Amino acid sequence: MTGSIEGLERFDSPGKGRGLRVTRGFKVGDLLFSSPAYSCVLSVKERGYFCDFCFDRKKGLARCGKCKKAFYCNAKCQKADWAMHKLECSAMTAFGEKWCPSEMSRLVARILAKKKTQKGRCLSERILLVDEMQSHVEDVDNDRREMSEADIAGLCQFFSKNLDVPDHKDLLTLFSQVACNGFTVEDEELSHIGTAVYPDVALINHSCLPSVIITYKGTRAEVRAVKDMKPGDEVLISYIDLLYPTDDRNNRLRESYYFSCDCPECHTKSQDKVKLKERKRSEPLEPDVVSNMIRYARKTIREFRASKDVKDILQHAKSGLVFQSVKRFLDSPAHPSELLEMCEHSLENMGAVFDDCNVYMLHMMYQAMGVCLYLDDDDGAVRYGEKIIKPYCHLYPPFSLNVSSMYLKLGKLYMRMERPSAAASALKKALAIMEVAHGKDHQYVKELRQHIAGK
């Protein structure tokens, strides 16, 4: 354990605090470093599809003989996971259907268990200790504090028998640290697999012009260059979805991470005019008409995002393509067809002012595409997807996983619709991005190559 990562160094980043920079050159697609998780937890919804220990996706996983809830590749994975799984195994049996801690509570329980047994630095703490992660606990607003309090209550209810729970103040700090520094582990289509903490990766600062991208190989995080980098360049990732205009991005950063971005794009707002493109017309619209429609669009998006704590009954819908954000709404009182009408209604309203490539239009098209998939309306899904993909290619930065995942979805739809030429074209475009973002030896890349070859 050297306390360093070859080719990288920790430094004080002007205006940002701690940061990470390269000490040698890296080319696009190069792996800067890979980090095991300090702690991770598989989403309950993914059990039976991924190994609870290594997050490998495979069929025929072996079930835990006691709780019947966790699944493993083999006895080796099950044994390796026991130190963490034992926190939940007996509790799941005892509570039965009432066992319902949040994913955040499950992850924090595992972090506490590891802290108790871990001696010295671990491999995920080569340059930043888990206790050094920023918490921003003093900046947390009332809504987030209430969420943390609910998570703490869940941790105490479901884990206190198998865990030494620290005092309330320390728990609030730890939950805030995980909220600010935790990573969502995703598959090649950006579906949520689980949540993890990687202290060394958490050292990387945000930019709306990122130089690297993070992907996952099992439970390991891999950091790869999406730009050529020279010695002294800061390593920068995006914390948020970069599709949206500057004000929206910074609002999201302030809400979730308590800072505003000062990257060149946020200063110049050079992409905002394209992202907020208006529909062509003979007479220009009054400014207040445009500003009112922007407010309407933002309100509509907030309403979609605000739907929380709804049982996700569609995690493994038969299509295998339904989007995470849409799934949360499809279990709401509205019938899926009614939800599609809501999407179409908002698109009709916004379309009177906005061009089809306006990001707010794209957002609602994305939601509508997901509902179409759930309704087995492949034609509708393709119609929306084909409207989305070209603007995505222009609006997202190079090697964006948002673009590759959309090509993957379209490719699978084309295959299902017996359009092999269109499918091959879409999948090859996804492959070109994934070879850079995931690396040419990643299992997802290998599987896609085989799929394209018809094997």
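The shown structure was predicted, so the numbers you read here are calculated from the model rather than taken from an experiment.

1. Let's talk about the confidence of the model for the chain
Summing up the model confidence of the chain, the mean pLDDT is 91 and the portion of residues at 70 or higher is 92%. Note that residues 307-320 has pLDDT below 50 and, in this model, 26 contacts with residues that lie over four places away or in other chains.

2. Remarks on the environment of Ala-422
Along the chain, Ala-422 turns up in helix α15 (residues 420-437). For Ala-422, a relative accessible area of 23% puts it in the partly exposed group. Residues Ala-422 and Val-185 lie 237 residues apart in sequence; the distance between their C-alpha atoms is 30 Å.

3. Regarding the nonpolar core
Counting residues in each nonpolar core, the largest one holds 119 residues, and the members touching the most others are Leu-32, Phe-33, Tyr-198, Val-201, Val-235, Met-350 and Phe-354. When residues in this core are grouped by element, the largest group, eleven residues, is from helix α12 (residues 359-374). In terms of nonpolar packing, the next biggest core, distinct from the first, is built from eight residues, Leu-242, Tyr-257, Cys-263 and Cys-266 among them.

4. A closer look at the pattern of salt bridges
Scanning all chains against the criterion turns up 24 salt bridges. The salt bridge involving Glu-188 is made with Arg-57; its shortest N-O contact spans 3.1 Å. Highlighted residues: Glu-188 in the loop between β7 (182-186) and β8 (192-197) and Arg-57 in the loop between β4 (39-42) and β5 (62-63), separated in sequence by 131 residues. Glu-189 serves as the salt-bridge partner of Lys-412, at 2.4 Å between the closest nitrogen and oxygen. Taken together, the residues span a long stretch of sequence, with Lys-412 in helix α14 (residues 401-416) and Glu-189 in the loop between β7 and β8 at a distance of 223 residues.

5. Focus on the packing of helix α3 (residues 142-159) against helix α4 (residues 168-181)
Where α3 meets α4, the axes come as close as 10 Å, and the angle between the chain directions of the two elements is 115 degrees. By the angle between their directions, the pair α3 and α4 is classed as roughly perpendicular. Crossing geometry of α3 relative to α4 is assigned as right-handed. For the pair α3 and α4, contact is made by Arg-145, Ser-148, Glu-149, Asp-151, Ile-152 and Leu-155 and by His-168, Leu-171, Leu-172 and Phe-175, respectively.

Calculation criteria
- Residue numbers restart at each chain and count upward from 1, following the sequence in its written direction.
- Per-residue local features of the predicted model are confined to residues with pLDDT of at least 70, and side-chain atom pairs are confined, for both listing and counting, to 80 or more; whole-chain, interface and lining totals are unaffected and use all residues.
- Remark: hydrogens and water are excluded; side-chain values derive from all non-hydrogen atoms of the structure.
- Each residue carries a pLDDT score, the predictor's confidence in it, ranging from 0 to 100.
- In this description, contact between two residues means that some pair of their heavy atoms is separated by no more than 4.5 Å.
- A helix here means a DSSP run of H or I that spans at least four residues, while a strand means a run of E at least two residues long, and both kinds are numbered starting from the N terminus.
- Relative accessibility under 20% of the residue-type maximum defines a buried residue, over 50% an exposed one, and the middle range a partly exposed one, all with a 1.4 Å probe and only protein chains included.
- Working definition of a nonpolar core: buried Ala, Val, Leu, Ile, Met, Phe, Trp, Tyr and Cys residues. They are joined through side-chain atoms within 4.5 Å.
- Salt-bridge detection follows one rule: a side-chain nitrogen of Lys or Arg within 4 Å of a carboxyl oxygen of Asp or Glu.
- Geometry is summarised by axes, namely lines fitted to C-alpha atoms with helices restricted to the contacting stretch, and by angles between N-to-C directions that run from 0 to 180 degrees.
- Any angle between 65 and 115 degrees counts as roughly perpendicular, while under 35 counts as roughly parallel, over 145 as roughly antiparallel, and the rest as oblique.
- Handedness of a crossing follows from how the near helix is turned relative to the far one, being left-handed for an anticlockwise turn of less than a right angle and right-handed for a clockwise one.

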